[in-house]
Amino acid sequence: MITTRLSYGAGEIIFNPYTVSYIIRDELNRTAITFTNGHSLEVTASPLEIKELIENETKYLCRECNQSTQG
């Protein structure tokens, strides 16, 4: 799971990387994550930071799956 701060309020969002449809940065330099269920949230992280977090988390999850199927 990935944790990042929301753009509004003091909240955080924790999400599964496999539920992300796309990440955008709009003309006002805001980053939004859109999920497979159609919901979208603005976050403080840049698209590049989110992309790196997703890549690292999915590599970790794949490694865990491979270890559990081999044991």
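This is a predicted model, so every value here is computed, not measured. Residues take numbers from 1 onward in each chain, read along the sequence in its written order. Given that the model is predicted, a residue must reach a pLDDT of at least 70 before its local features are reported, and side-chain atom pairs must reach 80 or more before they are shown or counted; all residues, however, enter totals for whole chains, interfaces and linings. Note that water and hydrogens are dropped before the side-chain values are worked out from all heavy atoms of the structure.

> Lay out the sheet that holds strand 4 (residues 31–35) in plain terms, naming residues and giving numbers.
Between any two strands, pairing holds if DSSP finds at least two bridges. Elements are defined by DSSP. Helices are runs of H or I of four residues or more, strands are runs of E of two residues or more, and each kind is numbered from the N terminus. Spatially, 3-4-5 is the arrangement adopted by the three strands of the open sheet, whose pairing is antiparallel. Taken across any chain shown, the strands that pair with only one partner, and hence form the sheet edges, are strand 3 (20–25) and strand 5 (40–43). Between one strand and the next, the sheet's axes are offset by a mean angle of 25°, whatever the strand orientation. Direction of pairing for strand 4 relative to strand 5: antiparallel, over a ladder of four bridges. Paired with Thr 34 across the two strands is Ser 40, which belongs to strand 5. To define axes, lines are fitted to C-alpha atoms, for helices over the stretch in contact only, and angles between the resulting N-to-C directions are given on a 0 to 180 degree scale.

> With reference to specific residues and values, describe the pairing of strand 3.
Successive side chains on a regular strand alternate, one facing one side of the sheet and the next facing the other. Bridge count between strand 3 and strand 4: five bridges; the pairing is antiparallel. Directly across from Val 20, in strand 4, lies its bridge partner Phe 35. Turn length for the strand 3-strand 4 hairpin, with the two strands adjacent in sequence and antiparallel, is five residues, and the turn residue Asn 29 shows positive phi of about 65°.

> Quick one: what's the story with the pattern of salt bridges, residue by residue and with numbers?
Here a salt bridge means any side-chain nitrogen of Lys or Arg lying within 4 Å of a carboxyl oxygen belonging to Asp or Glu. If you walk through the whole model with that rule in mind, you get four salt bridges. For Glu 12, the salt bridge is made with Arg 5, and the minimal N-O distance between the two is 3.8 Å. A salt bridge links Glu 55 to Lys 51, with the shortest nitrogen-to-oxygen separation between them at 3.0 Å. Highlighted residues: Glu 55 and Lys 51, both in helix 1 (residues 47–70), separated by four residues, approximately one helical turn. One salt-bridge network, held together by shared partners, links Asp 26, Arg 30 and Glu 42.

> Requested: an account of the side chain of Thr 58, with residues and values cited.
With respect to the helices and strands, Thr 58 occurs in helix 1. Residue exposure (1.4 Å probe, protein chains only): buried if accessible area is under 20% of the type maximum, exposed if over 50%, otherwise partly exposed. The exposure class of Thr 58 is buried, given its relative accessible area of 18%. For Thr 58, the side chain forms a polar contact with the main-chain oxygen of Glu 55, separated by 3.1 Å. In contact with Thr 58, not counting residues within four places along its chain, are Pro 17 and Tyr 18. Polar contacts here mean pairs of N or O atoms no more than 3.5 Å apart (in protein, one a potential hydrogen donor and the other a potential acceptor; neighbouring residues in sequence count only if both atoms are side-chain atoms). Only heavy atoms enter the contact rule, under which two residues are in contact if any of them lie within 4.5 Å.

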